[in-house]
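Observations on the model geometry
So you can see what is in the structure, the chains are spelled out below.
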Amino acid sequence: MLNSLKTQWIKLLIICPLILGSGCFNQSTNNESTSDQVTHKKSISASPEQLLVEGNTQPLNVHNLQPRLSWLANVKKQTAYQIQVASSAQGLTKNPADLWDSGKVLAQESRNIPYKGNNLTTNDQAYWRVRVWQEGHENPSDWSAVSHWEMGLLNKTDWQAKWLQVPVRIVAEDKQTISQWIDLVGTVEKENGAIETPAIEQLHQMPTASLFRHEFSIDNQDKQIVQAKLHSTAGGYYQVFINGKQVKDRLMDPGQTDFDKRILYNTDEVSDWLESGQNVIGVHLGSGWYDEDIAFSGWKNPDATTPNKARKTYTFGQPTFIAQLEITYSDGSQEVITTNETWRSHASAVVKEGIFSGELFDASQVIHDWHKASYQDLTDWQEVKVLDTWPTKSLVPQMLPAIRAVKPMQAVGISQPKDNVWVFDFGQNFTGIPTLHLDKLSLTEGQGVYLRFAEWQDDKGNISQLSGGGWATNLNAVDGYIAGKQNADSWSPSFTWHGFRYVEITGLTEKPPLDALSARLLRSDVERVGQFESSDTLLNRIHHTALWTYESNLMSVPLDCPIREKAGWTGDAHAALITGNYNFNMQNFWEKYLGDFETAAKIAPTVVPGKRTGGGKVDWAVAEVFIAWEHYRHHGDKQILANQYPSLVKYMDFGQSQMSNFLIESGYGDWCDPVPSPGTPRVGGRGTPQWTTTTVTSTALFTQAANYMTEIAKVLGESADVQRYQRLHQNLTQGFHHALYDPETGHYGSQTADAMALQFGITPVELRQRVADALNKDVVDKWKGHSSVGALGQTYLYLSLSDYGYADTAFNIFKAKGYPGFSYLFDELDGTTLWERKGAFNPDNSVDGKTRGPLRSLNHPFHSGYDGWFYQGLGGIRPLEHSVGYQEFMLKPVFPTDLNHADVTYNSGYGDIKSYWKRQGESIVWQFEIPNNTSAWVVLPNKDKVKYPAGKYSILID
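- The name that an unreviewed UniProt entry assigns to the protein chain is alpha-L-rhamnosidase, with the source organism given as Paraglaciecola algarum.
- UniProt, in the comment section headed Catalytic activity (unreviewed entry), describes the protein chain in these words: "Hydrolysis of terminal non-reducing alpha-L-rhamnose residues in alpha-L-rhamnosides."

With respect to the UniProt feature "domain: Alpha-L-rhamnosidase concanavalin-like" (unreviewed entry) in the protein chain
- In the numbering used here, UniProt assigns the "domain: Alpha-L-rhamnosidase concanavalin-like" (unreviewed entry) feature to residues 417-519.
- When the span residues 417-519 is considered, its composition is 4% helix and 45% strand, and the gap between its end C-alpha atoms is 22 Å.

Section: the pattern of salt bridges
- Summed over the entire model, instances satisfying the criterion amount to 36 salt bridges.
- Notably, a salt bridge pairs Glu 54 with Arg 68, separated by 2.6 Å at the nearest N-O pair. Highlighted residues: Glu 54 in the loop between β2 (49-53) and β3 (68-72) and Arg 68 in strand β3, separated in sequence by 14 residues. Each member of the pair, Glu 54 together with Arg 68, is buried.
- Of the charged contacts, one joins Asp 536 and Lys 815 as a salt bridge, the two residues approaching to 2.7 Å between their closest N and O atoms. Remark: Lys 815 occurs in helix α16 (residues 807-815) and Asp 536 occurs in the loop between β35 (530-534) and α4 (537-551); sequence separation between them is 279 residues.

With respect to the packing of helix α7 (residues 587-598) against helix α10 (residues 638-657)
- Viewed as axis vectors pointing N to C, α7 and α10 meet at an angle of 20 degrees, and their least axial separation amounts to 9 Å. When the axes of α7 and α10 are compared, the pair comes out roughly parallel. Here α7 and α10 pass one another in a crossing that is left-handed. Between α7 and α10, the residues in contact are Glu 591, Leu 594, Gly 595, Phe 597 and Glu 598 and Ile 640, Asn 643, Gln 644 and Ser 647, respectively.
- The residue makeup of the contact of α7 with α10, split by class, is three nonpolar, four polar and two charged.

Notes on the packing of aromatic side chains
- Enumeration over the complete set of coordinates arrives at 61 aromatic pairs.
- Seen in terms of ring centroids, Trp 620 and Tyr 668 are 5.0 Å apart; in terms of plane orientation they differ by 70 degrees. Their pairing is edge-to-face. One end of the pair, Trp 620, is in helix α8 (residues 618-621); the other, Tyr 668, is in the loop between α10 and α11 (694-716), and 48 residues separate them in sequence. Accessibility assignment for this pair places Trp 620 and Tyr 668 in one class, buried.
- The lysine or arginine in question, Lys 223, covers the ring of Tyr 329, its NZ or CZ lying 4.3 Å from the ring centre.
- In this structure, Lys 945 is placed above the aromatic ring of Trp 937, and the distance from its NZ or CZ to the ring centre is 4.7 Å.

Procedures and definitions
- Residues numbered from 1 in each chain as written.
- Predicted model: local features only at pLDDT ≥ 70, side-chain atom pairs only at ≥ 80, totals over all residues.
- Heavy atoms only, no water.
- UniProt positions renumbered as here; feature names shortened; annotations may be inferred.
- Helix = DSSP H or I, 4+ residues; strand = E, 2+ residues; numbered from the N terminus.
- Salt bridge = Lys/Arg side-chain N within 4 Å of Asp/Glu carboxyl O.
- Buried < 20%, exposed > 50% of the residue type's maximum accessible area, 1.4 Å probe, protein only.
- Axes fitted to C-alpha atoms, helices over the stretch in contact; angles between N-to-C directions.
- Parallel < 35°, antiparallel > 145°, perpendicular 65-115°, else oblique.
- Left-handed = near helix turned anticlockwise from the far one by under 90°.
- Contact = heavy atoms within 4.5 Å.
- Nonpolar A, V, L, I, M, F, W, Y, C, P; charged D, E, K, R; others polar.
- Phe/Tyr/Trp six-rings, centres within 6.5 Å; stacked < 30°, edge-to-face > 60°.
- Lys NZ or Arg CZ within 6 Å of the ring centre and 35° of its normal.

Set out below in structure tokens:
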């Protein structure tokens, strides 16, 4: 077996790095590869590139007074840098630059370097460039191309604009087509099978979305527009238009926050949208998360410590918006166009809309060209209401990537389970919005077409919306289109989104063509930074299943699922943290989510942000500590740790208040671990852990939190806290081990318990191999090659096996046949994303020949933590404790016997780290690439670790 292979380092094939001025590398006697140390006086030909500010390219609304600057050095090893910042591009030619000249700074880092120049204020412009010195070169590189950033509206008083809303919200007059949509949305099946209509009246009273417009004139005959910046946002989802063109491609915007505490705003350069003469700004405003007042309106919190009371609403109030257009002309003059009492409003053709209910569009109510200057009939337009006070404490820039349509989706099949009922199958469960191609349909005026969204379909083609949780939300997800005299070629909803694989269409009298319906995958547009592929098709499918599940739940918040709750459960976030960090650039996404902890109403919150929350769960809220520390390890950003530190300390104080003999009993635990067989009732109900006590997971996770807090305190120079958290970590470690370790069996009671004890360093060093042996035995013997972990154990199980010689066992878990393995999910359940509780549904059970659909979500990313092993284990790409941002990292792959090759890439921000290995006869050829300005410790079994600088290498392992 390769688990115990005595690897011999037969041959080292050197491939020179493709960087000018660098040489080939030889293995040195002190286990560190060294480069030619000859000093060159000539400058470096390559200059830095990919300049970023606050993780973005040329942002226009920076609020951080010490914005973080990053660049790609383009040298093998940067030894120093110099940054210059000026108030104009021309100012960079002066010496020194008028805002900041760092001088030559001896440092290798090129990520998240804080600006330390003159104070900046509202709307200030800063132009910057950077140059670097390479090891072995006396002269610096050429200067980078000039980039820039602009400060946003830093103070409340900088907003001349006022918040607007409609004075009276319009409710569309009931008619048969509207009532039909309401019945489809509001008639829900409860958990016990009863059919109820608890939200029907609320749906009848649901108001329309709203249109707003404002006309203004630009006289620029004798001057040119130099810049036009539009600052805008909303309490609710909004779309903004200038002269009929939508500004940017953001959808479901702005991102969800605790809106009464902060709202995210956008700043866009819109010069190209403006025209000489008359111009119009238009805004389309929907409810979004700001005004979701029906879903869960009758929900009772099963975890409440006080008597349950029905919650009436999760609304923050009536939707509202604000906009400020700042125009700068070539003669230096400025003009500001703002939202104020002169704007006008009108009901939208979106006559019903909600995140959980879906959207109903009435084409007979469309006002054509309402957002253009050519439209002049304002007879039915109403005055607007100006708010006396802000609906939020602060407006902060939306720095995380906006939600966008990132991939088109096409239906792969269509079925007809009943007369005039057709079901489109997209072949993949995902989060998105549909597009109804009206030019493919022959609709008559007043005809209603209805789309019901579902994750599941029975063998006769009928969909079930049970997994959508209408039994909890009181709403089914349904979109509707009512045809007018004139209809556009296509239609998509504006203010709602769904999780689905199947779309049922009713309201048609003949079969629609397959291309009558398409869709788009929606998510926060975080950049993909990880790639994994192997010789095993099942393994590849398991990886892609994790990806589909994870990216289906990135909607400015890491969701638990995109259908029932759509909530930022904190435990779910840290359970899948490693999957997000290896596959996507989550830098600004996590910074925003950490801010949601700071505005949370509860201590140790279980959900952030929003009003549907709870608190007091140490094992869930530990996400704040884990995300903050992993963010620092991945991106090297000290500011995040400093900003979050007071909130982290509050969490730790609460956690300590929950301890008894350095154990913590309360928590949700290893949620949704497998029951013994499909359909077996879960002891304790809901997702209650069956194999691991909450004492194990809460204590283990809090122990690791104490460890992380020790390191965070060291980074921030909080010496007293370093000692405090070190003592806490030691006490928790001892308390956990003494209370839970069984010396007779050699383990802590479950796979999750053993894995956490090993990965968190709780197990004493001399016992770690024995615990790993016991863990392997549990997997192989007790569970017949399967895992028994729930959501919290996924991240830690596989490394705990492969790090101690059981790579084959880790690999074979993915290959294990039958329940509860992946083959069962794919072959028996036809799953394309990770189910919340695949054992809760037995496809063989039926009543009167009918199979009732699954009750729980079929798209739950908290089970995806295993995906990290594909990068850390099979690729061997791991961060080191003493280094951040992968500037120095480890390469330590494992080679399971039944896998022929693995190809893994991770872009750390310094460049692509690549690890590719394949079997060649009895040998393994391993090729790896270390990006510029980084180094890696290469670790192979039974060999000393060796440090390599940037370059491409190939190793033959016999």
